[in-house]
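Commentary on secondary and tertiary structure
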Amino acid sequence: MGLFSSPAKVYKPAAEVDLGPDSDEHYISPNVRAPRVAGLLVKLLAWVLEMPVVGWIVLSVLKRDNLVYKLVSDAEIPEPPLFTSIHTWQEIAEQNVRLTKPDLSPAERVQEAVVCLPAHLPEPAAALADPAPAGFRRWTVRDFHRAYSSGQTTPVMVARRFLAAVKECSGPDLNMALFISCDAGDVMRQAEDSTRRYQQGAPLSAMDGVLVAVKDELDCLPYPTTGGTRWLGAARRCEADAACVAQLRACGAVMAGKANMHELGAGTSDINPHHGSTRNPYCLARVSGGSSGGSAAAVCAGLCPVALGADGGGSVRMPAALCGVVGFKPTAGRLSNAGLLPLNWTVGMPGILAATVEDALIAYAAIVDQGKPGPLQPQLNLPLLTCTRSMPNIRLAKYAKWFDDSSEDIRSLCGKALQMLRAQYGWETVDVTVPEIEEMRLAHYVTMGSECTASLAKYLDNMSKSEVGWDVRIGLSAYRSFSSKDYLNAQRLRCRQMYFHDRIFETADAIVAPMTGVTAYPLQEDALGTGELDYINGAALVRYSIAGNFLGLPAITMPVGYDRGGLPVGLQFIGRPWSEATLLHLAYAMQEACAAREHRRKPKVHFDLLPREDYYP
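An unreviewed UniProt entry annotates the protein as Amidase domain-containing protein of Urochloa decumbens.

Within the secondary structure layout, I410 lies in helix α15 (residues 408-425). According to the relative accessible area criterion, I410 is buried, its value standing at 1%. Between the alpha carbons of I410 and P611 there is a distance of 36 Å; along the sequence they are 201 residues apart. When near neighbours in sequence (up to four residues on either side) are disregarded, I410 contacts P514, T516, G517, V518, T519 and V569.

So, about unusual backbone geometry. Where the residue is not glycine, phi is negative for most of them; where a peptide bond is considered, it is trans in most cases. A cis amide bond links L221 to the next residue, P222, at an omega of 10°. Tracing the chain through its elements places P222 in the loop between β4 (211-215) and α9 (232-235). One non-glycine residue, L67, lies in positive phi territory at about 65°. For L67, a relative accessible area of 16% gives the class buried. Positive phi values are uncommon outside glycine, yet E436 reaches one of about 60°. Structurally, E436 is set in the loop between β13 (428-431) and α16 (437-460).

Moving on to the packing of helix α13 (residues 357-367) against helix α21 (residues 580-597). At their nearest, the axes of α13 and α21 sit 9 Å apart, and the two run at 160° to each other. Judged by the inter-axis angle, α13 sits roughly antiparallel to α21. Facing V357, E358, A360, L361 and Y364 of α13, the residues of α21 in contact are E580, L584, A587, Y588 and Q591. Broken down by class, the residue content of the contact of α13 with α21 amounts to 7 nonpolar, 1 polar and 2 charged.

Another aspect to go through is the packing of aromatic side chains. Scanning the model with the defined rule gives 14 aromatic pairs in all. Relative to Y364, the ring of F328 has its centre 5.4 Å away and its plane inclined at 70°; by these criteria the two rings are edge-to-face. Of the two residues, F328 sits in strand β9 (residues 326-329) while Y364 sits in helix α13, which places them 36 residues apart along the sequence. Summarising the aromatic geometry, the rings of Y499 and F500 are spaced 6.2 Å apart at their centres and angled 65° between planes, so their arrangement reads as edge-to-face.

This part takes up the sheet that holds strand β10 (residues 349-354). The strands making up a sheet associate through backbone hydrogen bonding, with each pair oriented either parallel or antiparallel. On the basis of which strands lie adjacent, the open sheet formed by 11 strands has the order β3-β5-β4-β8-β10-β9-β16-β17-β14-β12-β13 and mixed pairing. Each edge of the open sheet carries a strand with a single partner, namely β3 (179-181) and β13. Across this sheet, the average inter-strand angle for adjacent strands is 35°, counted without regard to direction. Relative to strand β17 (residues 568-575), strand β16 (residues 555-562) is paired through 7 bridges, and the arrangement is antiparallel. Note on β17: the bridge partner recorded for A555 is I574. Across the sheet, α15 lies against β12 (395-398), β13, β14 (510-514), β16 and β17, angled at about 55° from β17, the strand it touches most.

Before going further, it helps to examine the packing of helix α7 (residues 155-170) against helix α8 (residues 184-199). Packing of α7 against α8 brings their axes to within 7 Å, and their N-to-C directions diverge by 160°. What the angle tells us is that α7 and α8 run roughly antiparallel. The chirality of how α7 crosses α8 is right-handed. Across from P155, V156, A159, R160, F162 and L163 in α7, the residues of α8 making contact are A184, V187, M188, A191, E192, S194, T195 and Y198. When its residues are assigned to classes, the contact of α7 with α8 shows 10 nonpolar, 2 polar and 2 charged.

Of all hydrophobic cores here, the largest spans 121 residues; its most connected members are F162, M207, L303, Y364, L571, F573 and M590. Filtering out sequence-adjacent residues up to four positions away, M207 remains in contact with V110, V141, V212, L248, C251, G252, A253, I362, A363 and A366. Residues Y11, L442, V472 and I504 belong to the second largest nonpolar core, which totals 78 residues.

A few words now on helix α17 (residues 470-480). By the criterion of burial, α17 is predominantly enclosed, with 10 of the 11 residues buried. Residues of α17 that are buried: W470, D471, V472, R473, I474, G475, L476, S477, A478 and Y479. If you follow the buried residues of α17, they end up packed against α1 (40-49), α2 (54-65), α16, β15 (532-533) and α19 (535-542).

This model, assessed by the stated rule, comprises 24 salt bridges. Across the salt bridge formed by R543 and D405, the nearest N and O atoms sit 3.5 Å from each other. One end of the pair, R543, is in the loop between α19 and α20 (546-550); the other, D405, is in the loop between α14 (400-403) and α15, and 138 residues separate them in sequence. D405 carries the same exposure label as R543, and that label is buried. Where R496 meets E436, a salt bridge forms, and the shortest distance between an N and an O atom there is 2.7 Å. You can see R496 sitting in helix α18 (residues 484-504) and its partner E436 sitting in the loop between β13 and α16, a full 60 residues away along the chain. Residue R496 shares its accessibility class with E436, and that shared class is buried. Residues joined by salt bridges that share partners form a network here, namely R36, D526 and E532.

Here 4 bridges tie β12 to β13, and the two strands are oriented parallel to one another. Bridge pairing in β13 links R395 to E428. Pairing geometry for β12 and β14, over 2 bridges, is parallel. Bridge pairing in β14 links L396 to A510.

A separate point is the pairing of β4. Summarising burial for β4: 5 of the 5 residues are buried, a large majority. Taking every second residue as pointing to the same face, both faces of β4 are buried, with L211, A213 and K215 on one and V212 and V214 on the other. Note that β4 and strand β5 (residues 254-259) share 4 bridges and pair parallel. Counterpart to V214 in the pairing with β5 is K258. Here 3 bridges tie β4 to strand β8 (residues 306-311), and the two strands are oriented parallel to one another. Bridging across to β8, V214 finds its partner in L308.

Right, let's talk about the environment of Q424 for a bit. Tracing the backbone through its elements, the reader meets Q424 in helix α15. What makes Q424 partly exposed here is its relative accessible area of 33%. Remark: the alpha-carbon pair of Q424 and G252, spanning 172 residues in sequence, is separated by 38 Å. Discounting chain neighbours no more than four positions away, the residues touching Q424 are R389 and A593.

Conventions adopted
- Residues numbered from 1 in each chain as written.
- Predicted model: local features only at pLDDT ≥ 70, side-chain atom pairs only at ≥ 80, totals over all residues.
- Heavy atoms only, no water.
- Helix = DSSP H or I, 4+ residues; strand = E, 2+ residues; numbered from the N terminus.
- Buried < 20%, exposed > 50% of the residue type's maximum accessible area, 1.4 Å probe, protein only.
- Contact = heavy atoms within 4.5 Å.
- Axes fitted to C-alpha atoms, helices over the stretch in contact; angles between N-to-C directions.
- Parallel < 35°, antiparallel > 145°, perpendicular 65-115°, else oblique.
- Nonpolar A, V, L, I, M, F, W, Y, C, P; charged D, E, K, R; others polar.
- Phe/Tyr/Trp six-rings, centres within 6.5 Å; stacked < 30°, edge-to-face > 60°.
- Pairing = 2+ DSSP bridges.
- Left-handed = near helix turned anticlockwise from the far one by under 90°.
- Core = buried A, V, L, I, M, F, W, Y, C linked by side-chain atoms within 4.5 Å.
- Salt bridge = Lys/Arg side-chain N within 4 Å of Asp/Glu carboxyl O.

Right, dumping it as structure tokens:
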């Protein structure tokens, strides 16, 4: 038993746990009491934790306070360990879908996705003159494609505006730190090639000429992949595009550069002492969320309608919610991990950030991995968003104690969103219990941390600690403290959670919850150079994101309103394995219901890359 630890939990067999709404299972809200630590205190704590004996004692106390010993390390768990969240093929009766052939190219899949979209775009000239007569409206992939096809503008013209916007964002007045690398010459070369294809009447797809930011956790030539560090780009050579990036290039998309991220993905704020702290376009004094904060903020600020991120613990969906955009993480195995930094093998994968649900669908169709044989995963279904309103009998599982463990504004807005779905679509919300939520969070943390240190060991053992940010040094000290017993017990808890969620999906199409427990919190000056440890806000941000990664389940978040301070709030749907089409239907319905209720609010920093007569005379 761990030092100073209270008696460990003894788990009853998973099959004996009551998942009904009246279950007596105890809900544990994250047991976080640590104060915020930043500046000199971060440095001091890092030094202490790296001391041979004193550091071990301090870590033991911290793990006791956060219930790691009681709920994971020393617990008695009857289930065997489950070491991967990859799901085998399952028969899923999804409604209103279009089955795609397995041998289509990325560009052909994009065309299949476009066919699934409602045809409610205004004509190009009208759209460019007044794209949002009823309120703020983001430019979408189809807006760019139609503007290029009509000759209203060209990819070259848009690329020039993009580069000017990046320069403005990076300047002293805004200091948004959206990108780690952006090669103007490379962006312009891609845009020139795309422009020629449009002039010849032969664009590769609807994504031809569309700008896409790439999180600096995915390989994308000609850039090094730094993972938000100063050293990894030199230690690990980038020799080819990641699979997702290569598929987007095959569709003609313009790779816009490497978006900023929390160093090594080891945080939720995107405060990066090496490359600057990504600021939220809705309020520059607040965080963007992490670790894909640069990608989320770039979409939010209008610099691109689509961006790639990587999601190991909500790292796509969490910043999407804080920045008021769509965040989509498919089932583990749906997208290839080739070219993604292997920071956490069994919980991390690429994900999509997008201006709208329609754009998320288009990008998903482009980058889905269809190279695996049939028994490993089902064929690709694309949702017919033209038919979303005709989907009856949708059941959404809600665990009230968990759902309500958020700020008052988030709880109210997400509750109203569910009421709208019931009123407009007749979809039913069913009460359930999702047991052992906090236990799952801690097991995921042990898993992610153990895999991160194992993955990076060959680099970290041969480099100076001074090259690593102070907050990440603290995180790595904690990660290194996990034992094989810790890891095995975490996988036993994974096995239990797989069982619980499979049971819930027998009676529900998706689990619904807020995306975060709080909205974007303030950036503090003392943290900008060192990073920070804000475990209270951090735990609130990841409260609803863990199942998507730990269990490999698909999940999507979309904005459903704004808190009293004008900051975005996101709602999340978590689906059964391979149910991406259903989740996109749900998110689209939510998007349409919110659009009918409330106008979108324009971020304080936003750039229009398509020309308007009153903006580009």
